[in-house]
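Architecture at a glance
Next come the chains, spelled out residue by residue.
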Amino acid sequence: METLIAFWNILKKDIKNYYLKPPNISWGIIFPLSWTLMQLIRSPGDVGIVELLPGLMAMSILFGTTSMLAVTITFEKRSKSFDRLLLAPISISILVSAKILGAILFGIVNAFVPVIFAAFLVDLRGVSWGIALVAVVLIAITSALLGLLVAVSVREVFEAQTLSNFFRFPMLFLCGLFIPIDKLPAILKPISFCLPLTYGADMLNSAIIHSSSFNILLSFAIMLLFIIVLFYLCKRNIEKKWIL
Amino acid sequence: MEIVKVTNLKKAYGNLQAVKGISFSIKQGEIFGLLGPNGAGKTSTINMLIGLSRPSGGNIMIDGMDAIKDIKKVQRIIGVIPDENNLYGEMSGFDNLCFCASLYGIGKKERERRAMELLKQFGLTDAAKRPFRTYSKGMKRRLTIAAGLIHDPKILFLDEPTTGIDVESTRQIRDLILSLKKQGRTILMTTHYIEEAERICDRIAFIVNGEIVKVGTVAELMESVEKEYKIKLQLGSNIKELKGVREELERNFLNCKIEVLEQNSCIIVSKGPIPLSPILQMLDSQGISVFEAKAIKPSLEDVFVRITGIDVSKLEKEKVS
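Residues numbered from 1 in each chain as written. Chains lettered and ligands numbered in written order. Predicted model: local features only at pLDDT ≥ 70, side-chain atom pairs only at ≥ 80, totals over all residues. Heavy atoms only, no water.

Let us look at the overall build of chain A. Scanning chain A for helices and strands turns up 10 helices and 0 strands. Computed over its C-alpha atoms, the radius of gyration of chain A comes to 18 Å, within 12% of the 18 Å expected for a compact globule of 244 residues. Considered along the principal axes of its C-alpha atoms, chain A spans approximately 55 × 40 × 35 Å. Within chain A, the proportion of its 244 residues that are buried is 54%. Element-wise, carbon and sulfur atoms account for 72% of the exposed surface of chain A, whose accessible area totals about 10900 Å². A gap of 8 Å separates the mean positions of the 19 positive and 12 negative side-chain charges of chain A. (Helix = DSSP H or I, 4+ residues; strand = E, 2+ residues; numbered from the N terminus. Rg over C-alpha atoms; globule rule 2.2 N^0.38 Å. Buried < 20%, exposed > 50% of the residue type's maximum accessible area, 1.4 Å probe, protein only. Areas by Shrake-Rupley, 256 points an atom, 1.4 Å probe, with all protein chains shown as cover. Lys, Arg positive; Asp, Glu negative; His and termini not counted. Charge placed at Lys NZ, Arg CZ, Asp CG, Glu CD.)

What follows covers the sheet that holds strand β6 (residues 78-81) of chain B. Residue and element names in this part refer to chain B. Across the sheet, 6 strands lie side by side as β6-β7-β8-β3-β9-β10; this open sheet has mixed pairing. If you trace the sheet from one side to the other, it starts and ends with β6 and β10 (211-216), each paired once. Averaged over all pairs of adjacent strands, the angle between strand axes in this sheet comes to 15°, irrespective of strand direction. Seen against the sheet, helix α1 (residues 42-50) touches β3 (31-35), β6, β7 (155-159), β8 (186-191) and β9 (203-208) and runs at an angle of roughly 150° to β7. (Pairing = 2+ DSSP bridges. Axes fitted to C-alpha atoms, helices over the stretch in contact; angles between N-to-C directions. Contact = heavy atoms within 4.5 Å.)

Moving on: the environment of lysine 72 of chain B. Within the secondary structure, lysine 72 of chain B is located in helix α2 (residues 71-77). Separated by 21 residues in the primary sequence, lysine 72 of chain B and glycine 51 of chain B place their C-alpha atoms 8.2 Å from one another. Not counting chain neighbours up to four residues away, the residues in contact with lysine 72 of chain B comprise Leu86, Ala88, Pro89 and Ile90 of chain A. Here leucine 86 of chain A takes part through its backbone oxygen, which lies 3.0 Å from a polar atom of the side chain of lysine 72 of chain B. There is a polar contact of 3.1 Å between the side chain of lysine 72 of chain B and the backbone oxygen of isoleucine 90 of chain A. (Polar contact = N/O pair within 3.5 Å; in protein donor to acceptor, adjacent residues only side chain to side chain.)

Next up on the list: the interface of chain B and chain A. Listed per partner, the contact involves 30 residues of chain B and 26 residues of chain A. Surface buried jointly by chain B and chain A totals about 2600 Å² across both partners, of which 55% is contributed by carbon and sulfur atoms. When the buried area of chain B at its contact with chain A is split by residue, Leu52, Tyr88 and Leu103 of chain B rank highest and sum to 26% of it. There are 2 salt bridges connecting chain B and chain A. One salt bridge connects arginine 76 of chain B with glutamate 2 of chain A, and the closest N-O pair in it is separated by 3.2 Å. Applying the counting criterion to the chain B and chain A interface returns 11 residue pairs in polar contact (both at pLDDT 80 or more). (Buried area = accessible area lost by both parts, 1.4 Å probe. Salt bridge = Lys/Arg side-chain N within 4 Å of Asp/Glu carboxyl O.)

This next bit is on the pairing of strand β12 (residues 256-262) of chain B. Residues and elements named next belong to chain B. As judged from the 6 bridges shared by β12 and strand β13 (residues 265-270), these two strands associate in the antiparallel manner. In the sheet register, isoleucine 258 faces β13, and the bridge partner there is isoleucine 268. Between β12 and β13, which pair antiparallel and follow one another directly, the connecting turn spans 2 residues.

This paragraph deals with the state of the cysteines. Across all of its chains, the model carries 0 disulfides over all chains by this definition. Cysteine 234 of chain A takes part in no disulfide bond, and the closest cysteine sulfur to it belongs to cysteine 194 of chain A, at a distance of 18 Å. (Disulfide = S-S within 2.5 Å.)

Bringing the nonpolar core into the picture now. Counting 167 residues, the largest nonpolar core has Leu204 of chain A together with Leu49, Ile62, Ile78, Leu97, Phe157 and Ile204 of chain B as its most contacted members. Not counting chain neighbours up to four residues away, the residues in contact with phenylalanine 157 of chain B comprise Ile46, Leu49, Ile50, Ile62, Ile78, Gly79, Val80, Ile81 and Leu188 of chain B. Core analysis: the second largest hydrophobic core is formed by 15 residues, Leu249, Cys256, Cys266 and Ile274 of chain B among them. (Core = buried A, V, L, I, M, F, W, Y, C linked by side-chain atoms within 4.5 Å.)

Residues and elements named next belong to chain B. Ordered in space as β2-β1-β4-β5, the 4 strands form an open sheet in which the pairing is antiparallel. Edge positions in the sheet fall to β2 (16-27) and β5 (65-66), since each has one partner strand and no second. Direction of pairing for strand β4 (residues 57-62) relative to β5: antiparallel, over a ladder of 2 bridges. Within the sheet, the bridge partner assigned to isoleucine 62 lies in β5 and is methionine 65. Against the sheet, α1 makes contact with β1 (2-13), β2 and β4, and its axis sits at roughly 120° relative to β1, the strand it touches most.

With that settled, the discussion passes to the side chain of lysine 11 of chain B. Tracing the backbone through its elements, the reader meets lysine 11 of chain B in strand β1. Of the buried charged residues, lysine 11 of chain B lacks a salt bridge, with aspartate 83 of chain A as the closest side chain of opposite charge at 14 Å. Among the polar contacts listed, one links the side chain of lysine 11 of chain B to the backbone oxygen of arginine 54 of chain B, at a separation of 2.6 Å.

All names here are of chain A. Evaluation of the coordinates by the stated rule reveals 22 salt bridges over all chains. Notably, a salt bridge pairs aspartate 14 with lysine 13, separated by 2.9 Å at the nearest N-O pair. By the burial criterion, aspartate 14 is buried, and lysine 13 matches it. For the salt bridge of aspartate 83 with lysine 77, the shortest nitrogen-to-oxygen distance reads 3.3 Å. For aspartate 83, a relative accessible area of 13% gives the class buried. Residues participating in the shared-partner salt-bridge network are Lys13, Asp14, Glu76 and Lys99.

Written as structure tokens, this is what we have:
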């Protein structure tokens, strides 16, 4: 019960202090909207809104989640308020879970912003919402953990942003959302298979446009594996780098 | 009863030995001070005790628990007040305290009650709803101390509690630390203010270059250095102009040495008690009237300088910086 109180209050504090701030709310709406418009303007005749949705949802989660977590944790670490959390009688696993849950929820909400806009324009009855939701949650978790990994590796907020972009953009272009994996140069394909977003995006494709490169259960299992490995790495790095 | 026992504690950062095998213990209910200049190893020591840093060697026992293996259990009974005010700027004083209480699993009603109680105790009730970032330095310090007490810890770790705040807030915080001791709490504090350590601490450890060079009560530390008796005399004449007076004084009172300070004052220094009456008579016979005779007791600062060999002006500079 005591752990649950601590967990809930860390989450509540993060949501109130960071995720519900007006700039972040506007980021969550404007960013997916501008991507949608950009795609439609670029190729109005060729691309349907439904075809764009998996990419827009994945991008919204990836950018929103990684940015927020990397920046907020680096900020807390700089101001030493994060030490308060490390000094609390709760395990590092609980602390990591509480910190990433806020970012995960933020990512999930971001993911559904383009869906809400799309719902006004096209018929989305063909979408497998169950699979889409699972994919969104899995992408949000892996992205949040990647954001945390970045936060543990840097000291300054600007470094967090730079390092985040270092893996976000390549991941976005190699995950199969914009260029199908089978059309990627042979040298890049192995990299694509090592990215969690590849499997998350494939699940989204499967749910929304009913086209996928992998078996959905395989993608699900690989995403779970990524989550376990990333969680372990985050926990280990926090213990190693922040408890000197 | 010893509530904290540190044995052969070491900390190395690469090739740098920040803490070199220190040992000390703290009795229940006492205020124990770690006194030393910046970079002496005070914060490194505290960080190892509270679980923010892993020792390279040695043992830490806190209230019968191994603080290296069971740090999460230990963290339940300790309160930490860091050298920086690390609460959340956007949150109000009240919300900050409630949040800190929640980290220890304290329920909503109880944490609100405790927060209000502490805000009252620390004279911050009027500022309870204001964001922390709008507080003055002294108020921020007080709220940071209150946050360290919100879960009613048995042992408090205070890192440089009065650094960088004004005189009035410093006085308030020192009184507050003494009142916490009266409540029965054990306190470990680091400081580089000698007079603060002398005034507040029951026992003091001098820490220099990662080593504890001396531990004891203020009285014990005073006794540990060779005793000197000093009497300052305020004279009616310029002693420098009266040739032979100084030599005669030193000839007649063999254990005494005369240090001329200014034109009309001097200090008599002796290894033993100074026979004041015959000295005054002798000076009177030489036509020198004495207006004032004042015993000068050695300060903790003198003891610190003698034991550590550190220039106290260096500590003074650190206070300013």
